[in-house]
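Structure at a glance
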Amino acid sequence: MSRSPSFKVRTELSPSVDSESLKRWVVAFCAIRFDLEQGQLVEECYPHGVLSHDEELEIAYSSFPDSVSQHQNRSSIHDCIFFFRICRNAKPPTGNGNASLKSSEYLYGYVFNRQRHDERLKRGGEQKSVVILSHRPYSSVFRPLLQIVGPLFFDIGKKALQHIAAYVSKWPPPLPGQVMDLPIGNASLKVNLPPALSLPVGSGLSFEESASPAVPFLANSQSVLQGLFHDSDLFGSFRGLLLQLWLLWELLLIGEPMLIIAPTPPQCCEAVASLVSLVAPLLCSVDFRPYFTIHDPVFAQLNSIQEGEAFPPVILGVTNLFFLKALRNIPHIVSVGSPPLNSNRVSLSSRSSTGRISGRPEGLGFQQLSLKKFSPSSLLNAVKMRRDGPLCLMTEHKEAIWSTYSATTKPDTSILNRLIDAGLSPRVEESMSVVNNEILRRHFLELTTNFLAPFSPYFRTTIPSEGSSPYTEAPSLPTFDANEFLASLSARGPGKFILKRMKSNWLDLYRRFLNGPNFMPWFRRRRAVAEQEQDRLWRQARIKTDIQLLISKFSEVEIVDSFNLIERLLLKEIQTQQSGKGGDDSMVTIQKLRGDLQAVFNVLSKDMQQVMLSNPQRASLLHGSSEVTNIPGHPVIQVAVVSSTSPRDCGSVLFIF
């Protein structure tokens, strides 16, 4: 792995870094070395002082491969990229299966690790890691950035960190769900960011930002809708367990705890990221740890869970086989990946009970998988693995799943028959993985979307009916009651797509989903998006409404009611604008409402007008004076108005905060 030879950096100049702009993307750049006497040490951290001592220690421990996953070829330099996720201010998990490992925020560490073997050095080599820390899980950004900053650091030293930070600080703010071109030196990173709705809690976004109604970006007409970790290698990670993908989808959907074991950190990270991406467009609220070590503070909490107590919903990616004994009560264990060719683990002639089929590029079909799965030798291996349990991994690595969960969803044989086996050519295999990933992601996106479809009535927006007045608060969305939902779903069914692919106990899967950790966070975000969209539609209706035509059909009582409603909407819009939460059309809306208020006032009787003007706040809104409008609970707002009798001539507004 090496930096592009075309990338250059002018190290003779002292770069300027905008620290506030840098925070939008990166918390810090770190260089960490493994000291034979002191262990892992943070050698450099830029910017300085952004991490506590405990955080530096935890990051340092998470930035090196476990000893069992290191390459043993002592005549080479080996680079690898992986990432981890740690939480700040972690709260202890409880035995309640619905409780997740909550934290105020998460840090994602993207690691470029170099193992350099040199017999002249003590112990024959050295290890260093360059780490990019961020609150955002933008693997499509930080992996290619690591391929630049990692080798650059080993070329020019710590100056590389500040120079790269300077480039990053000049990037525009992240645009979730969009493609962005991010300049870096004389190069540019073209990246596709996951949509805000798919970003986990604690990813550096406020609730309002994470509930943005922006539609997730579709890269082109041939690409799958993007979600979190959409760039992970789903096919490559689970190639030996393709028949079990539907089981894994269900386990993640309902938030079951899982232990993912792989020979190397890149493999376990890729597997965890692929699992999370499997449930797109659902927001994954399970606490996932792509590379988990015994030094993580959460490990002591998980290790203390007694037999019979429920694990919190968590996905742990590990390489250390010690976890098989330490976390023996975790209900689902998945082993993936292949050991390095020069590792000290015993490799298998056949990868798993489902089999990795090699040979010429052809369909990786269900019939091939079935024959491999149910051959006498595979059947004996499966029986032996089930009897020995996951501890059999202590002697040799195998791709397998240990779980007592009975899946409701049936594997889709038509999807398996479309997958292509690329054989042993790395170049062909890489291109075929792209095709296979596209096929698998399309299927599971469709599966998840159809599974969530019965909830769509609770997010359905409405617009004012023709001829009715839009000058009221937008109606509330339908209330959700789990028991009523399940009863209704049982009566009408979830739809043909789901019924065709699930067993008769499909309703129990919905019940588990409602009780799991993923449902409520997803439902609340979707609900917030729907409420924002409904509010936007009603505001647009008010802007387009001809107030003169509308009130011409009203009685005097209805006109007075309309005046009060418009006044209330106007003051609410002013408060929203004052708080800084107003949208792009906020000023237009205020001007239109002000003109409408004046138009309604003009058709009131003289006596009623005098009553209205007896209120000083209302008089300032109507007469265009520079009097102070005092909104209770908020700082005063200075309002200047130009009166108008035409709904088209809406006057002007001046705010002084």
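Notes on the structure follow. (Residues numbered from 1 in each chain as written. Predicted model: local features only at pLDDT ≥ 70, side-chain atom pairs only at ≥ 80, totals over all residues. Heavy atoms only, no water.)

1. Focus: the overall build of the protein
Defined as follows: Only runs of H or I of at least four residues qualify as helices and only runs of E of at least two qualify as strands under DSSP, and these elements are numbered from the N terminus. Partly exposed residues are those whose accessible area sits between 20% and 50% of the maximum for their type, while under 20% is buried and over 50% is exposed, using a 1.4 Å probe and protein chains only. Here a residue-residue contact requires only that any non-hydrogen atoms of the pair lie within 4.5 Å. Shrake-Rupley sampling with a 1.4 Å probe provides the accessible areas, and residues are treated as covered by the protein chains on show and by no other component.
A tally of helices and strands in the protein yields 23 helices and 16 strands. Looking at the 657 residues of the protein, the share that counts as buried comes to 52%. Considering only residue pairs separated by 6 or more positions, the protein has 73% of its internal contacts joining residues 24 or more positions apart. Accessible surface for the protein amounts to roughly 29800 Å². Of this, 53% is attributable to carbon and sulfur atoms.

2. Side note on the layout of surface pockets
In plain terms, the rule: Cavities and pockets are defined on a 1 Å grid built over the protein atoms alone: a cavity is a set of grid points where a 1.4 Å probe fits but cannot escape, while a pocket is an open set with protein on both sides within 12 Å along at least five of seven lines, and lining residues are those with an atom within 4 Å of any such point. Grid points are joined across faces, edges and corners, and a volume is the space filled by probe spheres set on the points. Think of it as three bins: nonpolar holds Ala, Val, Leu, Ile, Met, Phe, Trp, Tyr, Cys and Pro, charged holds Asp, Glu, Lys and Arg, and polar takes everything else, Gly as well.
Estimated volume of the second largest pocket: approximately 1200 Å³. Around the second largest pocket, the lining is made up of 31 residues, and of these Q532, D535, R536, R539 and K581 lie nearest the centre. Mapped by element, the contributors of at least two residues to the lining of the second largest pocket are α18 (519-544), α20 (556-578) and α21 (586-602). Counting residues per element, the lining of the second largest pocket draws most heavily on α18, which supplies 10 residues. Grouping the constituent residues of the lining of the second largest pocket by class yields seven nonpolar, 10 polar and 14 charged.

3. Some remarks on the nonpolar core
For clarity, the cut-off: To define a nonpolar core, start from buried Ala, Val, Leu, Ile, Met, Phe, Trp, Tyr and Cys residues and group those joined through side-chain atoms within 4.5 Å.
The biggest cluster of nonpolar side chains holds 146 residues, and the ones touching the most others in it are W25, F238, L248, L259, F451 and W522. When neighbours within four sequence positions are excluded, W25 is seen to be in contact with S134, Y138, V141, F142, V168, W171, P172, P173, P174, M180, L182 and L193. Counting residues in hydrophobic clusters, the runner-up holds 22 residues, among them I547, I566, L593 and F601.

4. Looking at the pattern of salt bridges
To keep it simple, the criterion reads: In the sections that follow, a salt bridge refers to a side-chain nitrogen of Lys or Arg positioned within 4 Å of a carboxyl oxygen of Asp or Glu.
What the rule picks out here adds up to 20 salt bridges. The partner of R512 in a salt bridge is D508, and the shortest N-O contact between them spans 3.2 Å. Highlighted residues: R512 and D508, both in helix α17 (residues 506-515), separated by four residues, approximately one helical turn. The partner of R536 in a salt bridge is E533, and the shortest N-O contact between them spans 2.6 Å. Highlighted residues: R536 and E533, both in helix α18, separated by three residues, approximately one helical turn. By relative accessible area, R536 is classed as partly exposed at 33%. Judged by relative accessible area, which is 24%, E533 ranks as partly exposed. Linked through salt bridges whose partners overlap, the residues forming this network are R85, D287, R289 and D296.

5. Overview of the environment of T413
Mapped onto the fold, T413 is located in helix α13 (residues 413-418). When its relative accessible area of 33% is taken as the criterion, T413 is described as partly exposed. Taking the C-alpha atoms as reference points, T413 and L243, separated by 170 residues in sequence, lie 8.9 Å from one another.

6. Thoughts on unusual backbone geometry
The amide bond that connects Y46 to the next residue, P47, takes the cis arrangement and shows omega of -5 degrees. Tracing the chain through its elements places P47 in the loop between β2 (39-46) and α2 (53-62). With an omega of 10 degrees, the peptide bond running from A280 to P281 counts as cis. Mapped onto the fold, P281 is located in the loop between α8 (265-277) and β9 (287-289). Even without glycine at this site, F229 takes up a positive phi of about 60 degrees.

7. Regarding the side chain of D412
For D412, the location among the structural elements is in the loop between β13 (400-402) and α13. Of the residues examined, D412 reaches a relative accessible area of 12% and is grouped as buried. Those residues in contact with D412 that sit more than four places away from it in its chain are W246, H443 and R501.

8. A look at the packing of α18 against α21
Convention followed: Angles shown run from 0 to 180 degrees and are taken between the N-to-C directions of axes, each axis being a line fitted to C-alpha atoms and, for helices, limited to the stretch in contact. Note that the term roughly parallel is reserved for angles under 35 degrees, roughly antiparallel for angles over 145, roughly perpendicular for angles of 65 to 115, and oblique for everything else. Here is the rule for handedness: rotate from the far helix to the near one, and if that takes an anticlockwise turn smaller than a right angle the crossing is left-handed, while a clockwise turn gives right-handed.
Closest axis-to-axis distance for the α18/α21 pair is 9 Å, and the angle between their directions is 50 degrees. Relative to α21, α18 is oriented oblique. Here the hand of the crossing between α18 and α21 comes out left-handed. Here R539, R542 and I543 of α18 lie close against α21, whose contacting residues are S586, V588, T589, K592, L593 and D596. Classifying every residue of the contact of α18 with α21 by side-chain character gives three nonpolar, two polar and four charged.

9. Some details on the environment of F34
For F34, the position within the fold is in strand β1 (residues 28-35). The spatial distance from the C-alpha of F34 to the C-alpha of F64 is 8.2 Å, given a sequence separation of 30 residues. Discounting chain neighbours no more than four positions away, the residues touching F34 are G39, Q40, F64 and Q127.

10. A few points about helix α4 (residues 159-169)
In terms of burial, α4 is largely enclosed, as eight of its 11 residues are buried. Taken residue by residue, α4 has A160, L161, H163, I164, A165, A166, V168 and S169 as its buried positions. Of the surrounding elements, those touching the buried residues of α4 are α1 (19-23), β1, β2, β5 (125-134), α3 (139-156) and β6 (179-184).

11. Remarks on the packing of aromatic side chains
For any pair of aromatic rings, geometry is given as the distance between the ring centres together with the angle between the planes. How we decide: Here is the rule: rings of Phe, Tyr and Trp (six-membered ring for Trp) pair when centre to centre is within 6.5 Å. Planes less than 30 degrees apart are stacked, more than 60 are edge-to-face, and the remainder are tilted. A ring has a charge above it when a Lys NZ or an Arg CZ is no more than 6 Å from the ring centre and no more than 35 degrees off the ring normal.
Tallied over the full model, the rule gives 40 aromatic pairs. Between F34 and F64 the ring centres are 6.1 Å apart and the planes differ by 65 degrees, which places this aromatic pair in the edge-to-face class. On the criterion of sequence distance, the pair formed by F34 in strand β1 and F64 in the loop between α2 and β3 (77-88) is long-range, its members being 30 residues apart. The class of F34 is partly exposed, set by a relative accessible area of 34%. F64 gets classed as buried once you look at its relative accessible area, which sits at 4%. With centroids separated by 5.5 Å and ring planes inclined at 85 degrees, the aromatic side chains of F299 and F323 adopt a geometry described as edge-to-face. One end of the pair, F299, is in helix α9 (residues 297-303); the other, F323, is in helix α10 (residues 322-326), with 24 residues separating them in the sequence. Here F299 and F323 have matching classes, each one buried. Across from the ring centre of F154, 4.5 Å away, lies the NZ or CZ of R114, which sits over that ring.

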